[in-house]
Amino acid sequence: HYPFRKFKIKQDATRKKALSLEQLHTLRNWEVEEYQERYRDLFILMVLMRGINIGDLCLLKKEDVIDGRIEYKRQKTHKAYSIKIEPEIQELIDRYAGQGEYLLNVMDTYREYDDFKSRMNKGLKEIGEVKYKKQGRKEKTPLFPDLSTNWARHTFATIALNECELPRDMISDLLGHSEGLDVTNIYIKQDLAKMDAAARKVIDKVMYDK
């Protein structure tokens with residue numbers, strides 16, 4: 001006799017968490033505080049690398065670089081990814097190169113990438129205009145108060161669709177929504193060339209607006 005058995009609450013559409021191309025350019029060119037620079041740069045790197053998850057990025061090892069590509073499996077889905085290391089990606093990797101087995105230096109100082117992720121998310125949210133009040137107190141006006149590492153994947157997809165006008169099935173492939181890649185298969189190699197060209201279009205938009 002439950003009176004609400006047939007009553008359903010309408011769910012609102014999930015709010016998109018993505019920067020527009022213009023917003024991403026603003027973030028990339030913003031004069032950030034010193035402690036925010038690595039967070040901002042790694043967010044840009046995540047976008048350039050097709051929205052790679054922060055955990056996957058931090059845990060990449062130098063041995064994952066094979067013939068000019070980064071070959072890895074996503075922790076969440078265990079799907080294989082193969083990303084061409086474009087010059088802009090290489091520049092950021094070199095800037096934050098790891099001293100040991102890891103590709104980047106995050107794991108040189110953090111035991112768990114979640115600790116770094118928390119600090120990075122806090123730092124990204126604090127990027128913005130800074131004014132100094134009496135007694136040197138800082139007053140911050142964030143550019144994007146909700147910005148986090150999770151936005152990189154959505155930002156890549158949004159720019160790929162809206163600015164680069166890439167087909168939705170190609171964007172799906174770039175995000176790894178299709179079947180896992182077998183880089184030994186000649187047909188998949190041909191697809192990789194198309195995916196590389198598509199990803200290059202996004203990089204050109206992000207870095208050079210062309």
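Cut-off values and rules
Residues numbered from 1 in each chain as written. Predicted model: local features only at pLDDT ≥ 70, side-chain atom pairs only at ≥ 80, totals over all residues. Heavy atoms only, no water. Helix = DSSP H or I, 4+ residues; strand = E, 2+ residues; numbered from the N terminus. Buried < 20%, exposed > 50% of the residue type's maximum accessible area, 1.4 Å probe, protein only. Lys, Arg positive; Asp, Glu negative; His and termini not counted. Salt bridge = Lys/Arg side-chain N within 4 Å of Asp/Glu carboxyl O. Axes fitted to C-alpha atoms, helices over the stretch in contact; angles between N-to-C directions. Parallel < 35°, antiparallel > 145°, perpendicular 65-115°, else oblique. Left-handed = near helix turned anticlockwise from the far one by under 90°. Contact = heavy atoms within 4.5 Å. Nonpolar A, V, L, I, M, F, W, Y, C, P; charged D, E, K, R; others polar. Arc of directions from axis to C-beta. Polar contact = N/O pair within 3.5 Å; in protein donor to acceptor, adjacent residues only side chain to side chain. Phe/Tyr/Trp six-rings, centres within 6.5 Å; stacked < 30°, edge-to-face > 60°. Pairing = 2+ DSSP bridges.

1. Some details on the side chain of aspartate 56
So, step 1. When you line up the elements, aspartate 56 lands in helix α3 (residues 54-58).
So, step 2. Within the buried set, aspartate 56 has no salt-bridge partner at all; the shortest N-O distance to an opposite charge, 4.1 Å, is to arginine 74.

2. What about the packing of helix α7 (residues 151-162) against helix α8 (residues 168-175)?
So, step 1. At a minimum axis separation of 10 Å, α7 and α8 run at an interaxial angle of 155°. With respect to each other, α7 and α8 are oriented roughly antiparallel. Crossing of α7 over α8 shows right-handed handedness. Residues Arg153, Phe156, Ala157, Ala160 and Leu161 of α7 touch α8, and the partners they reach there are Arg168, Ile171, Leu174 and Leu175.
So, step 2. Looking at the contact of α7 with α8 residue by residue, the class counts come to seven nonpolar, no polar and two charged.

3. A short note on the environment of glycine 51
So, step 1. With respect to the helices and strands, the residue glycine 51 is situated in the loop between α2 (37-48) and α3.
So, step 2. Separated by 100 residues in sequence, glycine 51 and tryptophan 151 place their C-alpha atoms 8.3 Å apart.
So, step 3. Excluding its chain neighbours within four sequence positions, the residues that come into contact with glycine 51 are Met46, Ala152, Arg153 and Phe156.

4. What about helix α4 (residues 87-95)?
So, step 1. Of the positions making up α4, those classed as buried are Glu88, Ile89, Leu92 and Ile93. End-on, the buried residues of α4 take up no more than an arc of 140°, which puts them together on one face.

5. Regarding the side chain of arginine 38
So, step 1. When you line up the elements, arginine 38 lands in helix α2.
So, step 2. One buried charged residue, arginine 38, forms no salt bridge at all, with the nearest opposite charge on aspartate 108 at 7.6 Å.
So, step 3. One polar contact links arginine 38 to asparagine 105, side chain to side chain, over a distance of 2.9 Å.
So, step 4. When neighbours within four sequence positions are excluded, arginine 38 is seen to be in contact with Tyr96, Asn105, Val106, Tyr110 and Phe116.

6. Here we look at the packing of aromatic side chains
So, step 1. Tallied over the full model, the rule gives three aromatic pairs.
So, step 2. On the basis of an interplanar angle of 70° and a centroid distance of 5.4 Å, the ring pair of tyrosine 110 and phenylalanine 116 is categorised as edge-to-face.
So, step 3. The exposure class assigned to tyrosine 110 is buried, which follows from its relative accessible area of 16%.
So, step 4. Exposure remark for phenylalanine 116: the relative accessible area of 0% places this residue in the buried category.
So, step 5. An aromatic cluster of at least three residues, connected via ring pairs, comprises Tyr39, Tyr110 and Phe116.

7. A few points about unusual backbone geometry
Trans is the prevailing form of peptide bonds, just as negative phi is the prevailing case for residues other than glycine.
So, step 1. The backbone of aspartate 67 shows a phi angle near 50°, a positive value even though the residue is not glycine.
So, step 2. Turning to its location among the elements, aspartate 67 is positioned in the loop between β1 (65-66) and β2 (69-73).
So, step 3. The class of aspartate 67 is exposed, set by a relative accessible area of 77%.
So, step 4. Of note in this structure, glutamate 165 is not a glycine but carries a positive phi near 55°.
So, step 5. Counting through the fold element by element, glutamate 165 comes out in the loop between α7 and α8.

8. Side note on the pairing of strand β4 (residues 128-132)
So, step 1. The pairing of β4 with strand β5 (residues 138-142) spans five bridges and is antiparallel. The residue of β5 that forms the bridge with valine 130 is lysine 140.
So, step 2. Joining the antiparallel neighbours β4 and β5 is a turn of five residues, in which glutamine 135 adopts a positive phi near 60°.

Interpretation note: all reported values are geometric properties and have no functional meaning in isolation.
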